[in-house]
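So the chains spell out like this:
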Amino acid sequence: MDWAFVNRNWEKWASNSVASAAGHPLKAALLINYDPTGPSRLLSTIAEEQGIEADPIEVGEFVNFVKRGNYQSESFFIQSNQYVTTSIHESWFCARCLNTSKPAGEGAIVYKTPSFLILALYDGSIGAASRAMAAVDRFAWQLERRNL
């Protein structure tokens, strides 16, 4: 694992894509070590985070949700928000927040690479989701070029 490459690319990507201020496509993002073929005793860990202070127990429950793969029949929690999956694709899926107080709503994009899960959170609806997915795809492409 080339941690220097991952860290350098995360820092560059996060500084341009993640902020609570307007003009950035994402309000928060997590990079989680993920090996679905590894032994269950190996815990997934938070490799990087921006705009969020994730709870390791909550992240573990989220990783279990991803491993189970029951995206359409289960929901997941990040902080106090419950998300339900709205669309599923080959290596990623989208979810919407069920208990948001924001008029335009909130969403999440989860992207699986060979070594990581990228969890990206955004505020807004369809246009915001498209911008968020483009931002996530740029970072995922960097990782997948190195088979990470």
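Notes on the structure in this doc start here. Everything numeric in this text was worked out from a predicted model, so none of it was measured.

Some words on the sheet that holds strand β5 (residues 92-97)
Part 1 of the reasoning: Judged by pairing direction, the sheet is antiparallel, and its 7 strands sit side by side in the order β2-β1-β7-β6-β5-β4-β3 without closing on themselves. Edge positions in the open sheet fall to β2 (46-50) and β3 (75-78), since each of these has one partner strand only. In this sheet, adjacent strand axes meet at a mean angle of 25 degrees when their direction is disregarded.
Part 2 of the reasoning: Sheet strands in contact with helix α1 (residues 3-17) are β1 (28-33), β2 and β7 (116-123), and its direction is about 15 degrees off that of β2.
Part 3 of the reasoning: Where helix α2 (residues 56-68) meets the sheet, it contacts β1, β2, β3, β4 (81-88), β5, β6 (106-112) and β7, and its direction lies at approximately 155 degrees from that of β3.

Notes on the layout of surface pockets
Part 1 of the reasoning: Estimates place the volume of the largest pocket at around 210 Å³.
Part 2 of the reasoning: Together, 14 residues line the largest pocket, and Ala19, Ser20, Ala21, His24 and Asp123 are the ones closest to its centre.
Part 3 of the reasoning: Of all elements in the fold, only β7 and α3 (126-145) reach the threshold of two or more residues within the lining of the largest pocket.

Things to note about unusual backbone geometry
Part 1 of the reasoning: Even without glycine at this site, glutamine 79 takes up a positive phi of about 55 degrees.
Part 2 of the reasoning: Tracing the sequence through the fold places glutamine 79 in the loop between β3 and β4.
Part 3 of the reasoning: Judged by relative accessible area, glutamine 79 falls into the partly exposed class, the value being 45%.

A short note on the environment of glycine 107
Part 1 of the reasoning: Inspection of the secondary structure assignment puts glycine 107 in strand β6.
Part 2 of the reasoning: Glycine 107 sits in the buried class, given a relative accessible area of 0%.
Part 3 of the reasoning: Separated by 97 residues in the primary sequence, glycine 107 and tryptophan 10 have C-alpha atoms spaced 21 Å apart.
Part 4 of the reasoning: Excluding anything up to four places from it in sequence, glycine 107 contacts Tyr83, Ala95, Arg96, Ala120, Leu121 and Tyr122.

What counts and how
- Residues numbered from 1 in each chain as written.
- Predicted model: local features only at pLDDT ≥ 70, side-chain atom pairs only at ≥ 80, totals over all residues.
- Heavy atoms only, no water.
- Pairing = 2+ DSSP bridges.
- Helix = DSSP H or I, 4+ residues; strand = E, 2+ residues; numbered from the N terminus.
- Axes fitted to C-alpha atoms, helices over the stretch in contact; angles between N-to-C directions.
- Contact = heavy atoms within 4.5 Å.
- 1 Å grid on protein atoms, 1.4 Å probe; cavity = no way out; pocket = protein on both sides within 12 Å on 5 of 7 lines; lining within 4 Å.
- Points joined across faces, edges and corners; volume = space filled by probe spheres on them.
- Buried < 20%, exposed > 50% of the residue type's maximum accessible area, 1.4 Å probe, protein only.

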